[in-house]
Amino acid sequence: MTTNPIICAVDTTDVAQAKALAGQLSGGVGALKLGLEFFTANGAAGVREIASQHVPIFLDLKFHDIPNTVAGAIKATAGIDAFMMTVHTAGGSAMLRAAAGAADELAIATGKERPQIVGVTVLTSLDQQDMQSMGVGDTLNDQVKRLAELAQVSGLDGVVCSPHEIELLRRQCGEDFTLVVPGIRPAGSATGDQKRVLTPKEALQKSADYLVIGRPITEAADPAKAAREIWESLA
């Protein structure tokens, strides 16, 4: 993994388009995020095709199932070499522990670096009103804190959180707990379907480890230039 904290979210299901984007961004971002849409359309073979461009892969599939199934899914990524994967912290302690253990087993079986397993706390598309409609009586911040604590004690490497929970979780979980932060929008960018956003520099100043940025890079006329400008803005 490079020192570049930018993870570019690839939002296409087209392998050729994603591969071309990966080639443009190789060396310009820390990793590419491939999610459910891409994986459902193209499977592990499609992910390997993108990884061939020598860009680390963040496999964002948000596993959420019984412990054995999640562990099996993580071990099934052996041929993908993702540096990071996501699970839903709402899956509970047994599932999270199984996920962390599967990552250890995967590293032993492949002889490669262990993938980081990070837990999704509260999706950045949700706000307090959404939480109440789902029957969660606590404040959004309290729910995020509870799920992050569960992830940490269950052996996960970190969590995915909104920009507005970075400082909260850094105080609670310490410096060695990885914080992956979507909802990042350079100044002047549209917020889209995410309700809790910050600029890249603001998020990094709050001590985020990785910044997930999609359309401001992928929809730019020159994605490599857009990524470079964001990287330079963090200096």
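Residues numbered from 1 in each chain as written. Predicted model: local features only at pLDDT ≥ 70, side-chain atom pairs only at ≥ 80, totals over all residues. Heavy atoms only, no water.

Asker: Whenever I open this one, the overall build of the chain confuses me. Can you help?
Answerer: Secondary structure assignment for the chain yields 10 helices and eight strands. Since a compact globule built from 235 residues should have a radius of gyration of about 18 Å, the 17 Å found for the chain is in line with a globular shape. For the chain, the spread of C-alpha atoms along the principal axes amounts to about 45 × 45 × 30 Å. A buried classification covers 49% of the 235 residues belonging to the chain. Accessible surface for the chain amounts to roughly 10600 Å². Of this, 50% is attributable to carbon and sulfur atoms. Counting 20 positive and 27 negative side-chain charges, the chain places the centres of these two groups 1 Å from one another. (Helix = DSSP H or I, 4+ residues; strand = E, 2+ residues; numbered from the N terminus. Rg over C-alpha atoms; globule rule 2.2 N^0.38 Å. Buried < 20%, exposed > 50% of the residue type's maximum accessible area, 1.4 Å probe, protein only. Areas by Shrake-Rupley, 256 points an atom, 1.4 Å probe, with all protein chains shown as cover. Lys, Arg positive; Asp, Glu negative; His and termini not counted. Charge placed at Lys NZ, Arg CZ, Asp CG, Glu CD.)

Asker: Which parts of the structure should I look at to understand the pairing of strand S3 (residues 57-63)?
Answerer: Within a regular strand, the side chains alternate between the two sheet faces. For S3, the tally of buried residues reaches six of seven residues, placing the bulk of the element in the interior. Strand direction decides the pairing type here: S3 and strand S4 (residues 84-88), joined by three bridges, are parallel. Looking across to S4, one finds that leucine 59 is bridged to methionine 85. Following the backbone out of S3, through helix H3 (residues 67-75) and into the adjacent parallel S4, one traces a crossover that is right-handed. (Pairing = 2+ DSSP bridges. Right-handed = clockwise from strand over helix to strand, strands pointing away.)

Asker: Explain the packing of aromatic side chains to me, please; I cannot follow it from the model alone.
Answerer: Two measures describe an aromatic ring pair: the distance that separates the ring centres and the angle between the ring planes. Following the criterion strictly, the structure yields one aromatic pair and no others. Between phenylalanine 83 and tyrosine 210 the ring centres are 5.9 Å apart and the planes differ by 65°, which places this aromatic pair in the edge-to-face class. One end of the pair, phenylalanine 83, is in the loop between H3 and S4; the other, tyrosine 210, is in strand S8 (residues 210-213), and 127 residues separate them in sequence. Each member of the pair, phenylalanine 83 together with tyrosine 210, is buried. (Phe/Tyr/Trp six-rings, centres within 6.5 Å; stacked < 30°, edge-to-face > 60°.)

Asker: Please clarify how the pairing of S8 should be interpreted in this entry.
Answerer: A two-sided burial pattern is seen for S8, the buried positions comprising Tyr210 and Val212 on one face and Leu211 and Ile213 on the other. Where strand S1 (residues 6-9) lies against S8, three bridges are found, and the strand directions are parallel. Residue pairing for S8: isoleucine 6 is matched across the bridge by leucine 211. Sheet topology note: the strand S7 (residues 178-181)/S8 ladder contains two bridges and is parallel.

Asker: Help me understand the pattern of salt bridges in this model?
Answerer: Taken as a whole, this structure holds nine salt bridges when the rule is applied. Ionic pairing is found between glutamate 105 and lysine 75, a salt bridge with its closest N-O pair at 3.2 Å. Here lysine 75 lies in helix H3 and glutamate 105 lies in helix H4 (residues 93-110), a separation of 30 residues in the sequence. The exposure class of glutamate 105 is partly exposed, given its relative accessible area of 45%. For arginine 114, the salt bridge is made with aspartate 157, and the minimal N-O distance between the two is 2.8 Å. Of this pair, arginine 114 sits in the loop between H4 and strand S5 (116-120) while aspartate 157 sits in the loop between helix H6 (140-153) and strand S6 (158-160), and the two are 43 residues apart along the sequence. Where salt bridges share partners, they join Lys33, Asp60 and Lys62 into one cluster. (Salt bridge = Lys/Arg side-chain N within 4 Å of Asp/Glu carboxyl O.)

Asker: It is not clear to me how the packing of H3 against H4 should be interpreted in this structure. Could you clarify?
Answerer: How two helices pack is summed up by the angle between their axes together with the distance between the axes. Look at H3 against H4: their axes get within 8 Å of each other, and the N-to-C directions meet at 25°. On the basis of the axis angle, H3 is roughly parallel to H4. Viewed along their axes, H3 and H4 form a crossing whose handedness is right-handed. For the pair formed by H3 and H4, the contact residues are Pro67, Val70, Ala71, Ile74 and Lys75 on the first element and Ala94, Met95, Ala98, Ala99, Ala102, Ala103, Glu105 and Leu106 on the second. Residue composition of the contact of H3 with H4, grouped by class: 11 nonpolar, no polar and two charged. (Axes fitted to C-alpha atoms, helices over the stretch in contact; angles between N-to-C directions. Parallel < 35°, antiparallel > 145°, perpendicular 65-115°, else oblique. Left-handed = near helix turned anticlockwise from the far one by under 90°. Contact = heavy atoms within 4.5 Å. Nonpolar A, V, L, I, M, F, W, Y, C, P; charged D, E, K, R; others polar.)

Asker: What should I look at first to understand the nonpolar core in this one?
Answerer: Ranked by internal contacts, the top residues of the largest apolar core, which has 59 residues, are Leu32, Ile74 and Val87. Beyond its immediate sequence surroundings of up to four residues, leucine 32 is in contact with Ile7, Cys8, Val10, Ala22, Leu25, Ile50, Val55, Pro56, Ile57 and Phe58. Ala9, Val118, Tyr210 and Val212 belong to the second-largest nonpolar core, a separate cluster that totals 12 residues. (Core = buried A, V, L, I, M, F, W, Y, C linked by side-chain atoms within 4.5 Å.)

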